[in-house]
Each structure stands twice: as C-alpha cells, then as structure tokens.
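# Chains, contacts and geometry: an overview
Here is how the chains run, residue by residue.
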Amino acid sequence: MSGMILDPENYFSGFVPPRDMLLQTLEKEARAEGIPIVGPMVGELLFLLADATNAKTVLGLGTATGYSTIYLARAVEKRDGKVMTWEISEEMAQRAEKNLVHAGLFPFVDIRTGDVVRGIKRLDGPFDLIFIDIEKKDYAAVLPDCHRLLRQGGIVIADNVAFSDAASFNRAIFDSPGWRSVHLYGFLPGHSPEQDGLCLGLRV
C-alpha cells in the first residue's frame, strides 16, 4: 500500500492553476489591502463546476473586486450566459466593474449593490448555480432564497464555511431535505485563509 505524500501543503502548492496578468494583479491588490478573495484554486473550482453543469445563469453573493466573478463569467461566456453578482460596497462594485471591463467580460455580468439579505428576496429565478461569499453570519439567512431561486439540480457553493459564523448555515443545509450537501475542509493555496472549508449543495 502506498504511503501518504510527505509535506502535502508544499506538494499541493505546486498545482496552483496558472492565471493571467489581471488575476495576478487582483491577487497582489488583495494581499496589499487585506481583501479576502477565493484565490486561484477555488476560482478554478468555480469555473469547473459552472462549466461542467452547463450553467448559463449564475448568482454571486459577494463580489469585492470581481475576482471570483471573472472565473464564473468566463464559464458562462461560451453559452452567452449571465452572472448577476451582489456587492454591498459601492466602491468595491466600481472596482469590480472596471476589472470586468478590462477582462472583456462586462457584457456577461450584472452588478447589483446593496444589502443582499434583503435584495435576494426581490429576485426571480431560476439560476443554475449560486456562489455565496458574503458575511458568514448571513449565510443561513439567504439559504431559503437560494433554494427558491435555484433550479432543481442546481448547485450552491459556499465559501469560508470553516468560520464560526457559518455554523448555523452548515447545520441548516446539512439537515434540510431540500439539499444534498458535502462539506470539505482542506488546504487551499492562495485562498483567504488557506486552511478553510467549502460547502457544495445540490438542490433536490
């Protein structure tokens, strides 16, 4: 039987996906300014999941400078789809818009600003995929609307579920008969923080 890889964090750091100059610039800005971003590993995972599920309509809860939105928009672009993304900060939303224009992806993105916990209640679906990356204390509050807005068989992805404020969300989605979910905790190079959890949920 094969043994485990020694020093797995260093080893798996060698498999960070390549990024273009724009994404690398956003990563440098995030480090300098303390902006939490998903980083290249989770960004690539978002792209893979959106692409593999043929997602055309995506809802992003939390935008910051548009890092995760770029990955999602690149997945829906080939299907002429749309990413609707919410950001509470007007300044961050403006920065995200500038970055998405630079990436050539702004036609595939609709940036909304304001309190997403209230704003999500005014939305109509269906969406194929929802990505949650807002204040962790609000995860549980938006979960019922995520279920309402997702098509059956749609995917929800929640970042930062190892934060204590996400505990009520973790329990709610795990216990709900409306979801099949899995929680993954691991090492995510370039993520903020690098030791964190993700939750993937299938709407049933």
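Everything that follows concerns the structure shown earlier in this document.
The model shown is predicted, which means the values in this text are computed figures rather than measured ones. (Residues numbered from 1 in each chain as written. Predicted model: local features only at pLDDT ≥ 70, side-chain atom pairs only at ≥ 80, totals over all residues. Heavy atoms only, no water.)

## Description of the packing of helix α7 (residues 139–149) against helix α8 (residues 167–175)
Contact pair α7 / α8: the axes reach a minimum separation of 8 Å and the direction vectors enclose 30°. Judged by the angle between their axes, α7 and α8 are roughly parallel. In this structure, α7 uses Y139, A140 and L143 to contact α8, whose residues at the interface are S168, F169, A172 and I173. Counted by class, the contact of α7 with α8 contains six nonpolar, one polar and no charged residues. (Axes fitted to C-alpha atoms, helices over the stretch in contact; angles between N-to-C directions. Helix = DSSP H or I, 4+ residues; strand = E, 2+ residues; numbered from the N terminus. Parallel < 35°, antiparallel > 145°, perpendicular 65-115°, else oblique. Contact = heavy atoms within 4.5 Å. Nonpolar A, V, L, I, M, F, W, Y, C, P; charged D, E, K, R; others polar.)

## A few points about unusual backbone geometry
Cis rather than trans, the peptide bond between G125 and P126 has omega equal to 0°. As for its placement among the helices and strands, P126 is situated in the loop between α6 (116–119) and β4 (127–132). Along the chain, S192 connects to P193 via a cis peptide bond; the corresponding omega equals -5°. For P193, the position within the fold is in the loop between β6 (179–187) and β7 (195–203).

## A closer look at the pairing of strand β3 (residues 109–113)
When strand β2 (residues 82–87) meets β3, the two strands line up parallel, connected through five bridges. Bridging from a neighbouring strand, T85 pairs with I111 of β3. In this view, the connection linking β2 to its parallel neighbour β3 by way of helix α5 (residues 90–102) has right-handed handedness. (Pairing = 2+ DSSP bridges. Right-handed = clockwise from strand over helix to strand, strands pointing away.)

## Looking at the packing of helix α3 (residues 39–52) against helix α4 (residues 67–77)
Look at α3 against α4: their axes get within 8 Å of each other, and the N-to-C directions meet at 30°. Compared by their axis directions, α3 and α4 come out roughly parallel. Judged by the sense of rotation from one axis to the other, the crossing of α3 with α4 is right-handed. Touching G39, P40, G43, E44, L46, F47, A50 and D51 of α3 are Y67, S68, Y71, L72, R74 and A75, all from α4. Of the residues assigned to the contact of α3 with α4, the class counts are eight nonpolar, three polar and three charged. (Left-handed = near helix turned anticlockwise from the far one by under 90°.)

## Comments concerning the sheet that holds β7
Strands pair in a sheet through their backbones, by hydrogen bonds, and they do so in one of two ways: parallel or antiparallel. One open sheet holds the seven strands; their spatial order is β3-β2-β1-β4-β5-β7-β6, and the pairing between them is mixed. Here the strands that pair on one side only, and so sit at the sheet edges, are β3 and β6. Neighbour-to-neighbour, the strand axes of this sheet turn through a mean angle of 15°, independent of strand direction. As paired strands, strand β5 (residues 150–158) and β7 are joined by four bridges and run antiparallel to one another. For A158, the partnering residue across the bridge sits in β7 and is C199. Sheet strands touched by α5: β2 and β3. Its angle to β3, the strand with the most contacts, is close to 170°.

Taken by themselves, the reported measurements are silent on function.
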